Amino acid sequence: HNHIDHATPEKVLAAIGAGDTHFRLPDYETCETYAASGGYEALLNLRQGGDWEAVQEQLLVAGLRGLGGAGFPSGKKWGFVHANPGPRYLAVNGDEGEPGTFKDRWYLERTPHLFLEGMLIAAWAVEAEKVFLYMRDEYPAVLEILRREIAALEGAGLIAPGYVDLRRGAGAYICGEESAMIESIEGKRGLPRHRPPYVAQVGVFGHPTLVHNVETLHWIARICREGPQVLNATEKNGRKGLRSYSVSGRVAQPGMYLLPAGSTITDIIAAAGGMAEGHVLKAYQPGGPSSGLLPASMDDVPLDFDTLQPHGSFIGSAAVVVLSEHDSARAAALNMLRFFEDESCGQCTPCRVGCEKAVKLMQEDRWDQGLLEELSTAMVDASICGLGQAAPNPIRLVMKHFPDEI
Ligand code: NAI
Ligand code: SF4
């Protein structure tokens, strides 16, 4: 399951077929270009006697929250990790596995050094002995960019050789769960751990570990370079900040759209060029399959942290998938549960058996709603990690909003 391997360009090429390049290296911002426009000045200034708590305060003022999807206040995490004695580590979660999510890839293929500077600022803040950068193996161009640019940073003397350890995932969705990722980094099978203890206390090899998602680190660099207003100056529908929506499905122009955090599905579809020709909005997935499916009638809800919980959903990684009248909500939910069944690590019964049972029940002509609801409650209450806890969301939301189909 888990490759513990250093991603050399040769190995990346070998893994995808030697000499047969399936990826095109995008025209990204190199180390020289980034440095020429003031890049790494913030990091170097901080390293010369900066105060980590002052930077932490800037993150809190900016309102930066974890952009892997959980939205935990990023600055607070620094405090939790700092409270524990070293050695400490930074583990970067680049295992962007939530279906429909491609924002991290979008940033890494364009401005990798904003991410890398943010990563080194976070490492500085918690005095990390080492950085483990866990990247999704399905992004070969990103791996190659990171290989080259980490080498450039080593060459420029910004980091010691080996300080940033680039690790490749192996396609397991569960290895994006932070404690499963840590198990994988340690060379073990990616099974989520019980918590507490949180990884801020007991992380990589038992040491306090700061875990940040790629995009979170991108914004840490931007806040340090441009100030907290880069995020908190935008306000829409009572929500502050910006959100990177990965938009796909029945829209005219699928892609990554950086929009105000208070954007509704109507705003997002408009940004993506409107609906694809011949399609009318029927439903949408606001943040990957874990967030379930919402009906077109909910077109006035800001798609942000905290705004969707009252509706039995959440924004998560902001992977917006748009469905039209040509699509079946029931079939979409079944597809999501099949995905969770495949990707469940199998460690705990409510999730392992629950996903399998749910798929069987959802394949029946008529859904046994009472039984599916009972099953959903057991999965939410008793699963160890977010996979099993969120898997019932598509079931519940289809029962609530699309009763005619089931
Ligand atoms: P969580 O809310 O349990 O934890 C978020 C972070 O805060 C973790 O780093 C955790 O260690 C930390 N934390 C929370 N409470 C803490 C405390 N009391 N003390 C110290 N640290 C604390 O959420 P989780 O399970 O880490 O993430 C779930 C989210 O991940 C979902 O919203 C889902 O959408 C998203 N997700 C994203 C994927 C992607 O590809 N980006 C893939 C799958 C899920
Ligand atoms: Fe594994 Fe699912 Fe249990 Fe998470 S909830 S530990 S994925 S079996």
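How each quantity is defined
- Residues numbered from 1 in each chain as written.
- Chains lettered and ligands numbered in written order.
- Predicted model: local features only at pLDDT ≥ 70, side-chain atom pairs only at ≥ 80, totals over all residues.
- Heavy atoms only, no water.
- Helix = DSSP H or I, 4+ residues; strand = E, 2+ residues; numbered from the N terminus.
- Polar contact = N/O pair within 3.5 Å; in protein donor to acceptor, adjacent residues only side chain to side chain.
- Contact = heavy atoms within 4.5 Å.
- Near = heavy atom within 4 Å.
- Nonpolar A, V, L, I, M, F, W, Y, C, P; charged D, E, K, R; others polar.
- Pairing = 2+ DSSP bridges.
- Buried < 20%, exposed > 50% of the residue type's maximum accessible area, 1.4 Å probe, protein only.
- Expected span 1.5 Å × (residues − 1).
- Phe/Tyr/Trp six-rings, centres within 6.5 Å; stacked < 30°, edge-to-face > 60°.

Caption draft 1: Molecular detail of the side chain of Asp95. Here Asp95 lies in the loop between β1 (88-94) and α6 (103-108). There is a polar contact of 3.2 Å between the side chain of Asp95 and the backbone nitrogen of Gly176. Apart from the residues lying within four places of it in its own chain, the contact partners of Asp95 are Tyr134, Arg136, Gly169, Ala172, Tyr173, Cys175 and Gly176.

Caption draft 2: Here's a closer look at the site of ligand 2. Near ligand 2 lie 13 residues; those nearest to it are Cys345, Gln347, Cys348, Cys351 and Cys385. Its residues placed into classes, the shell around ligand 2 shows eight nonpolar, five polar and no charged.

Caption draft 3: Seen up close, the environment of Phe205. By the secondary structure assignment, Phe205 is in the loop between α9 (178-185) and β4 (209-213). When the C-alpha positions of Phe205 and Arg88 are compared, they lie 9.9 Å apart, and in sequence the two are 117 residues distant. Those residues in contact with Phe205 that sit more than four places away from it in its chain are Phe132, Ile185 and Glu186.

Caption draft 4: The sheet that holds strand β11 (residues 319-324), seen in detail. The strand order across the open sheet built from five strands is β8-β7-β11-β9-β10, with neighbouring strands paired in mixed fashion. Because the sheet does not close on itself, it has two edges, and the strands there are β8 (255-260) and β10 (294-295). Examined bridge by bridge, strand β9 (residues 281-285) and β11 share four bridges and lie antiparallel to one another. Following the sheet pairing, Ala283 is matched in β11 by Leu323.

Caption draft 5: Fine view of helix α17 (residues 393-401). Among all positions of α17, only Asn393, Pro394, Ile395, Leu397, Val398 and Met399 are buried. Of the surrounding secondary structure, the elements contacted by the buried residues of α17 are β10, α13 (329-343), α14 (349-362), α15 (369-382) and α16 (386-390).

Caption draft 6: Examining the side chain of Arg243 more closely. Positionally, Arg243 belongs in strand β7 (residues 242-249). Among all residues touching Arg243, those that are not within four sequence positions of it are Leu67, Tyr257, Leu258, Leu259, Pro260, Ala261, Leu303, Asp304, Phe305, Ile315 and Ala318.

Caption draft 7: The arrangement of α13 in detail. Its 15 residues give α13 an end-to-end C-alpha distance of 21 Å, which sits within 8% of 21 Å, the value for a rise of 1.5 Å per residue. Listed as buried for α13 are Ala329, Arg330, Ala332, Ala333, Leu334, Met336, Leu337 and Phe340. Its side-chain oxygen 3.4 Å from the backbone nitrogen of Arg330, Ser328 forms the N-cap of α13.

Caption draft 8: Geometry of the packing of aromatic side chains. Under the criterion given, the structure shown has seven aromatic pairs. The interplanar angle of 75 degrees and the centroid separation of 5.5 Å between the aromatic rings of Tyr89 and Phe132 together place this pair among those described as edge-to-face. Of this pair, Tyr89 sits in strand β1 while Phe132 is found in strand β2 (residues 128-135), placing the two residues 43 residues apart along the sequence. Among the residues examined, Tyr89 registers a relative accessible area of 13% and is labelled buried. Among the residues examined, Phe132 registers a relative accessible area of 3% and is labelled buried. Plain terms: the ring middles of Tyr173 and Phe339 are 4.8 Å apart, the flat faces sit at 70 degrees to each other, and that makes the pair edge-to-face. Of this pair, Tyr173 sits in the loop between β3 (164-168) and α9 while Phe339 sits in helix α13, placing them 166 residues apart in sequence. What makes Tyr173 buried here is its relative accessible area of 15%.

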